Amino acid sequence: MTQNEQAPAAIAEEADAGRLEWIDPLTDFRPDEPEESRVIVDPFNHRKKREDGEEDTTEPDPGLIASVDAVGVQQAPVLRPQVGANEGKLGIVMGQRRMKAARAAAEKAVAEGRKYRKVRVIIREDLKGVDDEALAGSMVENVHRAAASVQDDLDAAQQLALMVDAKRVPKARKAQLAAAIGRTTEELDAAPRVAKIAPEVIEELWEQGAEFDWVEQADYAEVEDVPNALWKLEQAKRKDADEGNTKRGAWRQAMQALRAEKEKAERIAATTAELAKKMIPVIGWPHSWQYSAARPLEELESAIGRPLTEAGHNETCEGHAATFDPADGEVVWVCRDFKKHGHRIIGAAQNEDDGSEEADEKAEAEREAARAEARRVKANNAAWRSVREVRQAFIVDMCQDKGEAPADVKDLVLTTILAGRYTYTHYVTGDYGRLLSTFLKDENLKHTPADVVAKLVKRTGAKRYWWLLFAHVAGMYEFEHMTDEAWRGKKDEFGRRKPIEGETVEWLNFLKKHGYSLSEVEEETLATAQQQAEEEARRVAERKERDARWQREREEARLKREAEEKAAREAEAVQADESHEPEDEPDTEPAEADDE
């Protein structure tokens, strides 16, 4: 083409845009009464539920209904005139969910005494009787919606993140904005995190059918590499829904556990890399040490009875290796074949004549049981420390309550302060400001200076005084009764393990009553405490029964002894009476007179 030649002008083909019309979502659209409805779902709508028993995916979600209720239907649905038995009606080709959301929003508005919005629709006369084109259009819309939704979500999150960062959006405006786009204020706060999610992560959630909101998507992206993370989070979300927990209690517990798993995996990976540099082999954790040639060094000694150390074993034994305890991810030094390298198990019989095979198996089984218990203790210790963060975050939320404290909160506060327990007095004489500042979200309270406390009280409304006291009492429970060993009971001064404290049980049950979702280790703690209480009650009952039986036997013995003594006394009395009776006098006749 020469410089003087001109390119032919591009011709823009006009498309049939249809005509606009306003539809009343209550009177014109009656999904449950299609015979009486002016607007029906087109028979060739791609999202139409076709057979009984099929899952209906056309229902609007709460987010869409909230959006329509706030700002109306922004994208006009497409309708076409019907033919045949439905002559005179309009069929929805595109936008069935939007129409249903509009009807749901209208019903809600009427119930609340508010006005509702009509829906602006596009009537496509050119599609009347053209079923194939109507079906194709419906399919294209839905396919493109599914394909574009991932990027649309990320773009929307990015825009909201920039907007929220650039402005200090008031809470009321944020709530209004969230409702307009079918999101919550919590999701708006999560927008910066969502904006950083890789598109393939959200694509995976779509493919798996996981219905996660922005907060949940951002959380999942954080722990997606942890095995079974998606399944565990779906289970947690289902549990929250079943229990009506609106504070994501089970979700938070699941996320904390997954974060701990991720941290452990990262620590193991970093340590493995360091061991590789030192040319130290890493073996897998045996399913059972009893049937493994390897043994932990802490269970071994040299041929002459000396304990094995990591440094010495590494220098002198070719079997030196490392493994990772699955309970906490910590390194365990091992010998890969202790018999081959001349080591022996501490305390085990060293010669065949020293013990029987049965005794050796019993001893090994006891060691395996001890290892299992040690792993359980490690795992629970780690879980107990990890869950503390979630529990104390819940307490922080409680302390921010703007309303009047319920009666049981007041009862707990007064009972704790007035009873004068040792743990309370011990707590208030120590550094209790740390937890108080945590629960009230005020760093200035760490050392509880009088002027800071006075300012806090002055700026706090009288209605919230009880929550200040509750934060104080909560600190006592957390500091004194939720220590690292609280899940299995503290030790006394002689090193003996005591039962789980009643205050630990009381505190967990109190938080649970107020909506806190217990973790597995906390549930196990309550179950163990219940078992201990039942065992103690059984022991008390047995002791009472034993005492009562002893009392009965003692009473029976006393009665028997008294009866015997009485019988003896009566026998003696009889004998005494018999010994004091007068002797029979001989019969005497008066002497006859001589003269007779």
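Rules and cut-offs
Residues numbered from 1 in each chain as written. Predicted model: local features only at pLDDT ≥ 70, side-chain atom pairs only at ≥ 80, totals over all residues. Heavy atoms only, no water. Helix = DSSP H or I, 4+ residues; strand = E, 2+ residues; numbered from the N terminus. Buried < 20%, exposed > 50% of the residue type's maximum accessible area, 1.4 Å probe, protein only. Contact = heavy atoms within 4.5 Å. Areas by Shrake-Rupley, 256 points an atom, 1.4 Å probe, with all protein chains shown as cover. Pairing = 2+ DSSP bridges. 1 Å grid on protein atoms, 1.4 Å probe; cavity = no way out; pocket = protein on both sides within 12 Å on 5 of 7 lines; lining within 4 Å. Points joined across faces, edges and corners; volume = space filled by probe spheres on them. Nonpolar A, V, L, I, M, F, W, Y, C, P; charged D, E, K, R; others polar. Axes fitted to C-alpha atoms, helices over the stretch in contact; angles between N-to-C directions. Parallel < 35°, antiparallel > 145°, perpendicular 65-115°, else oblique. Left-handed = near helix turned anticlockwise from the far one by under 90°. Salt bridge = Lys/Arg side-chain N within 4 Å of Asp/Glu carboxyl O. Phe/Tyr/Trp six-rings, centres within 6.5 Å; stacked < 30°, edge-to-face > 60°. Lys NZ or Arg CZ within 6 Å of the ring centre and 35° of its normal.

A. Representation of the overall build of the protein. Of the regular secondary structure elements, the protein holds 19 helices and 10 strands. Burial statistics for the protein: of 596 residues in total, 36% are counted as buried. A separation threshold of at least 6 residues defines the contact pool for the protein, and within that pool the share at least 24 residues apart is 69%. As displayed, the protein offers around 37100 Å² of accessible surface, 50% of which is attributable to carbon and sulfur atoms.

B. Quick look at the sheet that holds strand 8 (residues 320–324). The strand order across the open sheet formed by 3 strands is 6-9-8, and the pairing between neighbours is antiparallel. Single-partner strands in this sheet number two, and they are strand 6 (295–296) and strand 8. When strand 6 meets strand 9 (residues 331–335), the two strands line up antiparallel, connected through 2 bridges. Bridging across to strand 9, Pro-296 finds its partner in Val-334.

C. Quick peek at empty space enclosed by the protein. Considering all chains together, one arrives at 1 cavity of 30 Å³ or more under this definition. Taken together, Lys-247, Gly-249, Arg-252, Gln-253, Val-390, Phe-394, Gly-515, Tyr-516 and Ser-517 form the lining of the largest cavity. A total of 3 residues in the lining of the largest cavity trace back to one element, the largest contributor, which is helix 10 (residues 249–277).

D. Focus on unusual backbone geometry. One non-glycine residue, Arg-248, lies in positive phi territory at about 55°. Of note, Arg-248 is situated in the loop between helix 9 (229–243) and helix 10. The phi dihedral of Met-279 falls on the positive side, at around 60°, and the residue is not glycine. Within the secondary structure, Met-279 is located in the loop between helix 10 and strand 6.

E. Looking closely at the layout of surface pockets. In this structure, the second largest pocket encloses a volume near 1100 Å³. Considering the residues around the second largest pocket, the lining is formed by 37 residues, among which Gln-253, Gln-256, Ala-257, Ala-383 and Glu-520 are closest to the centre. Only helix 9, helix 10, helix 12 (357–399) and helix 19 (520–579) provide two or more residues apiece to the lining of the second largest pocket. Among the elements that take part in the lining of the second largest pocket, helix 10 stands out by supplying 11 residues, more than any other. By residue class, the composition of the lining of the second largest pocket is 14 nonpolar, 8 polar and 15 charged.

F. The packing of helix 13 (residues 407–419) against helix 17 (residues 465–481), seen in detail. One can describe the packing of helix 13 onto helix 17 by two numbers: an axis separation of 9 Å at closest approach and a directional angle of 60°. With respect to their mutual orientation, helix 13 and helix 17 come out oblique. When the axes of helix 13 and helix 17 are compared, the crossing they make is left-handed. In contact with Val-409, Lys-410, Leu-412, Val-413, Leu-414, Thr-416 and Ile-417 of helix 13, helix 17 contributes Trp-466, Trp-467, Leu-469, Phe-470, Val-473, Met-476 and Tyr-477. Taken together, the residues of the contact of helix 13 with helix 17 sort by class into 12 nonpolar, 1 polar and 1 charged.

G. Inspection of the pattern of salt bridges at higher detail. By the definition in use, this model includes 48 salt bridges. Glu-216 serves as the salt-bridge partner of Arg-248, at 2.9 Å between the closest nitrogen and oxygen. With Arg-248 in the loop between helix 9 and helix 10 and Glu-216 in helix 8 (residues 214–223), this residue pair connects regions lying 32 residues apart in the sequence. Each member of the pair Arg-248 and Glu-216 is classed as buried. Here Glu-555 and Arg-558 are joined by a salt bridge, their closest N and O atoms 2.2 Å apart.

H. Geometry of the packing of aromatic side chains. Tallied over the entire structure, the rule returns 11 aromatic pairs. Relative to Trp-507, the ring of Phe-470 has its centre 6.1 Å away and its plane inclined at 35°; by these criteria the two rings are tilted. Taken as a pair, Phe-470 in helix 17 and Trp-507 in helix 18 (residues 502–513) lie far apart in primary sequence, 37 residues in all. The pair formed by Phe-470 and Trp-507 is uniform in burial state, with each residue classed as buried. Aromatic rings pair up to connect Trp-467, Phe-470, Tyr-477, Trp-507 and Phe-510 into one cluster. Lying across the ring of Trp-384, Arg-391 places its NZ or CZ 5.6 Å from the centre.

I. Spotlight on the environment of Arg-391. Secondary-structure assignment places Arg-391 in helix 12. Residue Arg-391 is classed as buried on the basis of its relative accessible area of 0%. Expressed as a C-alpha distance, the spacing of Arg-391 and Gln-253, which sit 138 residues apart in the sequence, is 8.9 Å. The contact partners of Arg-391, leaving out residues within four places of it in the chain, are Glu-478, Met-482, Leu-508, Leu-511, Tyr-516 and Glu-522.

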